[in-house]
Amino acid sequence: MSDRLGGALARKPLHFIFVLDVSGSMLRGGRIQALNNAITEVLPHLRDEARANPHAELLVRVLAFANEAKWVIEDPTPVDRVHWQRLEAVPRGFTELGSALQTLAGALDDLDESHSAFPPAIILVSDGRPTQSTGVSFAEGLQTLLNNKWGATAVRLALGVGRDADMHSLRRFIGDEDVPLLRADNPEQLVEYIVWASKAASKVASRPVVGPGSGMGAPPPNAIGDPIWSTLG
């Protein structure tokens, strides 16, 4: 790919990170199956976004968390090389979100400041309230993330799954009242919302615009967690 003068266009890395809850409650109501289906479906959309953007190289990573945080895809991987391996929920697993955010902040420390011109895009998906069995609270993990240059400037979106999702914590993670907070109450919504959030995050991160939350486009219906019946439990 080249510009109109014939020179090669430099594609700057855009790190796209999914942070996914695989705690025991994700076994209820087909939640983990719906999450796997949603990620499988979103990847072609991300590949389309990458092909449409000549300025950004979209690199995917996936961090799963329950009793501890574990990288599912640890190395930044070009989106067209990502092959999804289905996640399994951890029976009786806790929701150690604080530990996950601390792990995420450590990974962001390794980004090369000379090349990573675009802020990372982070999408958090969780169905419960953060626990603290590891000794790292949600507040501590979030502060560690925000103390990191890339964590503070990242495009952060969050999606609650089911009516037990702690929307207050997810809103604190986003940190911007103008950015939609999503809650999926059935498998179809989960797919729809992850697709929307992924496309919105990649666009905003790689095409910075003026104004908080701008450039994302209209969110899907029920994007603020309307109290409707949840088939995801």
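Look up: the structure comes first, before these words.
These notes cover the structure that comes with them. (Residues numbered from 1 in each chain as written. Predicted model: local features only at pLDDT ≥ 70, side-chain atom pairs only at ≥ 80, totals over all residues. Heavy atoms only, no water.)

**Some details on the packing of aromatic side chains**
Here is the rule we go by: Only the six-membered ring of Trp is used, alongside the rings of Phe and Tyr, when aromatic pairs are assigned; centres must lie within 6.5 Å, and planes under 30 degrees apart are stacked while those over 60 apart are edge-to-face, with the rest tilted. Remark: a charge is flagged as sitting over a ring if the NZ atom of Lys or the CZ atom of Arg is within 6 Å of the ring centre and within 35 degrees of the ring normal.
Taken as a whole and assessed by the stated rule, the structure comprises one aromatic pair. A cation over a ring is seen here: Lys 149 above Trp 150, with NZ or CZ 4.6 Å from the ring centre.

**Notes on the sheet that holds strand E2 (residues 56-65)**
For the record, the criterion: Criterion used throughout: strands pair if DSSP finds at least two bridges between them. We count a stretch as a helix when DSSP gives it H or I for four or more residues in a row; a strand needs E for two or more, and each element gets its number in order from the N terminus. Lines are fitted to the C-alpha atoms to define the axes, a helix being fitted only along its stretch in contact, and any angle between axes, read from their N-to-C directions, falls within 0 to 180 degrees.
The six strands lie next to each other as E3-E2-E1-E4-E5-E6, forming an open sheet whose pairing is mixed. Taken across any chain shown, the strands that pair with only one partner, and hence form the sheet edges, are strand E3 (69-78) and strand E6 (182-184). Here the average twist between neighbouring strands, direction ignored, is 15°. In this structure, E2 lies alongside E3, joined through six bridges in antiparallel fashion. Opposite Leu 63, over in E3, you have Trp 71 as the bridge partner.

**A short note on the pattern of salt bridges**
Applicable threshold: Each salt bridge in this description consists of a side-chain nitrogen of Lys or Arg and a carboxyl oxygen of Asp or Glu lying within 4 Å of one another. Summary of the burial criterion: residues with accessible area below 20% of their type's maximum are buried, those above 50% are exposed, and those between are partly exposed, where the area comes from a 1.4 Å probe applied to protein chains only.
By the definition in use, this model includes seven salt bridges. One salt bridge connects Arg 171 with Glu 177, and the closest N-O pair in it is separated by 3.8 Å. Of the residues examined, Glu 177 reaches a relative accessible area of 62% and is grouped as exposed. Across the pair Asp 185 and Arg 183 runs a salt bridge whose closest N-O atoms are separated by 2.6 Å. Considered together, Asp 185 and Arg 183 belong to a single accessibility category, that of buried residues.

**Describing unusual backbone geometry**
Positive phi is not limited to glycine here, since Arg 92 has a value of about 60°. Here Arg 92 lies in the loop between E3 and helix H2 (97-108).

**Points about the nonpolar core**
Which entries qualify depends on this criterion: Definition of nonpolar core: a set of buried residues of the types Ala, Val, Leu, Ile, Met, Phe, Trp, Tyr and Cys, connected through side-chain atoms within 4.5 Å. What makes two residues a contact is simply this: any of their non-hydrogen atoms within 4.5 Å.
With 75 residues, the main nonpolar core has Phe 18 and Ile 194 as its most contacted residues. For this core, the element with the most residues is helix H6 (residues 187-206), which contributes 11 residues. Residue contacts for Ile 194: discarding those within four places in its chain leaves Phe 18, Leu 35, Ala 38, Ile 39, Val 42, Val 125 and Leu 159.

**Here's the deal with the packing of H2 against helix H3 (residues 138-147)**
Packed helices, taken two at a time, are described by the angle between their axes plus the distance between the axes. This is how the line gets drawn: Roughly parallel here means an angle under 35 degrees, roughly antiparallel means over 145, roughly perpendicular means 65 to 115, and every remaining angle is called oblique. Crossing handedness follows the turn of the near helix against the far one: under a right angle anticlockwise gives a left-handed crossing, and clockwise gives a right-handed one. Following the grouping adopted for this structure description, the nonpolar residues are Ala, Val, Leu, Ile, Met, Phe, Trp, Tyr, Cys and Pro, the charged ones are Asp, Glu, Lys and Arg, and the polar ones are all others, Gly among them.
Where H2 meets H3, the closest approach of the two axes is 7 Å, and the angle between their N-to-C directions is 15°. Classified by the interaxial angle, the pair formed by H2 and H3 is roughly parallel. The interaxial crossing formed by H2 with H3 has left-handed handedness. Contact residues: H2 offers Leu 97, Gly 98, Leu 101, Gln 102, Leu 104, Ala 105 and Leu 108, while H3 offers Phe 138, Gly 141, Leu 142, Thr 144 and Leu 145. Taken together, the residues that form the contact of H2 with H3 break down as eight nonpolar, four polar and no charged.

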